[in-house]
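# Results of the structural survey
Residue-level listing of the chains:
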Amino acid sequence: MAKKDAGGGGEGRGELGVRGLEKENAMAGASLHTRLCEVLDIEHPVIAFTHCREVAVAAIRAGGFAVLGEAMKTADEIQENIRWLRSQVGDKPFGIDLVLPSNAPRQGTPEELIAQIPESHMQYKERIHAAYDVPLPHNPVALRQWGGLNKRLGLAQIECVLDERVPAIATGLGSPEFLFEAAHDRGILMIGLIGATRQARHVLALGADMVVAQGYDAAGHTGAVGTFSIVPEVVEVAGDTPVIAAGGVTTGRHLAAALCLGAAGVWTGTAWLASEESDVDPLVKQRILQATGDDTTRTACISGKTMRILKCPWTEEWEKQDAPQVLKSPFQMLLSSDYLQAANDSRRADLMTEAVGQGVAFVDGAMPVREILQGMVAEAETVLGRFG
Ligand SMILES: Cc1cc2nc3c(=O)[nH]c(=O)nc-3n(C[C@H](O)[C@H](O)[C@H](O)COP(=O)(O)O)c2cc1C
């Protein structure tokens, strides 16, 4: 039973509870060693997606794989993070994730792009800021470093990860053909993140080494097909290429189900947000610990592309009848960026939000990453062991 139905108590993640697992697991004896473990040289078929490098290191040390989301970082920051990760995990592999929409403008500073936003939208933004007394951001607006703002920024990020010869690169929203070739020339694995089966066919044709089939339940940018449908659909077209299930995976039962659907492992984001190592603001962690799937919404009002996040005044206002039509990426991202930065900078819990998936109902304790990962694996082994 999810924590929120259990009155906030419960024995940990999932029906069995982490602590109750050891005994049953010893009897079950199922092994989760899949082809993904071979390809990525990992013990457990669990990939942690995170923007927090400490979470990434903890997941790798716990026997999983980690992909660090660097879409909002400059090339210099990415280089620093890659070198730091290497200093922590040695030869163990990891991935870097970039978000590179194919329709990004060729160039243009954030200010030049903001100048192209229609007056009606600027006024609506001001109306929201006034209605909720949104302060000005104190810090530089992080979203204005996004590699998807223009192709020049994206290219600088790509050059950095190629030069650093990271073990794996993941890309979502856009998959530039030249990147696949350049990565493979350097022995880098390419992970394609997709939200529709036609996109899976596209990244497979480009030579993706793995495909992440991400369902509607997922945090962040997500398509319209549920995890339970998209995973087996992609498995059917992927041939020998490992398919990794994403979207709503926060317990061992989800992991077991993903393997039953034909996935070789899982790609998880929400599961780590409230972990001990996570750098998510404690106010947001608190909301995550209390939230259920109903507290999330899938909306284009943050970035111009559909994305699942915790409901907040900004998302509520863009649902209203009189709201203008959401702009395309990257203009809607630039429009929302002041609100998001100000909410974080001023630590206004009533304004803050975060990308969160529907599996959040099972995120019920601020545990160390190792405990979360091992609990997930142990529960999956137990569940699968029940079937002999
Ligand atoms: C806080 C947060 C930020 C995210 N940002 C990105 C991102 O920058 N790039 C990306 O490819 N996916 C991003 N995602 C989506 C994850 O890669 C992953 O597909 C998703 O979290 C899986 O669903 P789950 O959260 O239900 O496990 C983000 C997810 C979270 C939780």
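Residues numbered from 1 in each chain as written. Predicted model: local features only at pLDDT ≥ 70, side-chain atom pairs only at ≥ 80, totals over all residues.

## Focus on the overall build of the chain
Quick reminder of the rule: Each helix is a run of DSSP H or I of at least 4 residues and each strand a run of E of at least 2, with the numbering of both proceeding from the N terminus. Taken over C-alpha atoms, the radius of gyration is set against a globule rule of 2.2 Å times the number of residues to the power 0.38. Counting other C-beta atoms within 10 Å of a residue's C-beta gives its exposure: the residue is buried at 20 or more, exposed at 12 or fewer, and partly exposed in between, where C-beta atoms are placed from the backbone. Note that contacts rest on C-beta atoms placed from the backbone: two residues are in contact if these are within 7 Å.
When helices and strands are tallied, the chain shows 15 helices and eleven strands. A globule of 388 residues ought to have a C-alpha radius of gyration of about 21 Å, and the chain, at 20 Å, matches this closely. If you line up the chain on its principal axes, its C-alpha atoms span 65 × 55 × 40 Å. In the chain, which comprises 388 residues, the proportion classed as buried is 52%. Considering only contacts within the chain whose residues lie at least 6 apart along the sequence, 69% involve residues at least 24 apart.

## Some remarks on the confidence of the model for the chain
To be explicit about the condition: On a range of 0 to 100, pLDDT expresses the predictor's confidence in each residue.
When pLDDT is averaged along the chain, the result is 91, and 92% of the positions lie at 70 or above. Low confidence marks residues 6-12, where pLDDT is under 50. Its contacts with residues over four positions away, or in another chain, come to 14 contacts. Ignoring residues within four places in sequence, the model shows residues 16-29, a span with pLDDT below 50, making 27 contacts including any to other chains.

## Digging into the packing of helix 4 (residues 75-89) against helix 7 (residues 151-163)
Rule in force here: Structural elements are reduced to axes, namely lines fitted to C-alpha atoms, with helices fitted over the stretch in contact, and the angle between N-to-C directions of any two is expressed from 0 to 180 degrees. In what follows, roughly perpendicular refers to angles from 65 to 115 degrees, roughly parallel to angles under 35, roughly antiparallel to angles over 145, and oblique to any angle outside these ranges. Left-handed describes a crossing whose near helix is turned anticlockwise from the far helix through less than a right angle; right-handed describes the clockwise counterpart.
Viewed as axis vectors pointing N to C, helix 4 and helix 7 meet at an angle of 25°, and their least axial separation amounts to 9 Å. Compared by their axis directions, helix 4 and helix 7 come out roughly parallel. Between helix 4 and helix 7 lies a crossing of right-handed hand. Within the contact between the two elements, helix 4 uses Ala75, Ile78 and Gln79 and helix 7 uses Ala156, Gln157, Glu159, Cys160 and Val161.

## Here's the deal with the nonpolar core
Definition in use: One nonpolar core equals one set of buried Ala, Val, Leu, Ile, Met, Phe, Trp, Tyr and Cys residues connected by C-beta atoms within 7 Å.
Ala56, Val211, Ala213, Ile244 and Val266 are the most contacted members of the largest nonpolar core, which has 121 residues in total. The element contributing the most residues to this core is helix 15 (residues 369-385), with nine residues. In this structure Ile244 touches Leu36, Ile47, Met210, Val212, Ala263, Ala264, Gly265, Val266 and Trp267, once residues within four positions along its chain are discounted.

## A closer look at the packing of helix 9 (residues 197-205) against helix 10 (residues 227-238)
In a packed pair of helices, the relevant descriptors are the angle between the two axes and the axis-to-axis distance. We apply this condition: Classification convention: Asp, Glu, Lys, Arg as charged; Ala, Val, Leu, Ile, Met, Phe, Trp, Tyr, Cys, Pro as nonpolar; all other residues, Gly among them, as polar.
It is the contact of helix 9 with helix 10, at a shortest axis distance of 10 Å, that shows an interaxial angle of 35°. The chirality of how helix 9 crosses helix 10 is right-handed. Contacts from Thr197, Ala200, Arg201 and Leu204 in helix 9 reach Ile230, Glu233, Val234, Val237 and Ala238 in helix 10. Partitioning the contact of helix 9 with helix 10 into residue classes produces six nonpolar, one polar and two charged.

## Details of the site of the ligand
Just so we agree on the cut-off: Being near a molecule or strand means, for a residue, that its C-beta atom, positioned from the backbone, comes within 6 Å of it.
Within the structure, the ligand sits among 27 residues, and Ala218, Ala219, Gly220, Gly269 and Gly357 are positioned closest to it. In terms of residue class, the shell around the ligand is made up of twelve nonpolar, twelve polar and three charged.

## Considering the pairing of strand 11 (residues 307-310)
Stated formally: Any two strands with at least two DSSP bridges between them are considered paired.
Relative to strand 11, strand 7 (residues 220-221) runs antiparallel, the two sharing two bridges. Of the residues in strand 11, the one forming a bridge with His221 is Met307.

## Looking at unusual backbone geometry
A cis amide bond, omega 5°, links Ser329 with the succeeding residue Pro330. Its place among the elements puts Pro330 in the loop between helix 13 (313-318) and helix 14 (331-346). Phi is positive for Asp41, which is not a glycine, with a value near 60°. With respect to the helices, strands and loops of the structure, Asp41 is situated in the loop between helix 2 (35-40) and strand 1 (46-50).

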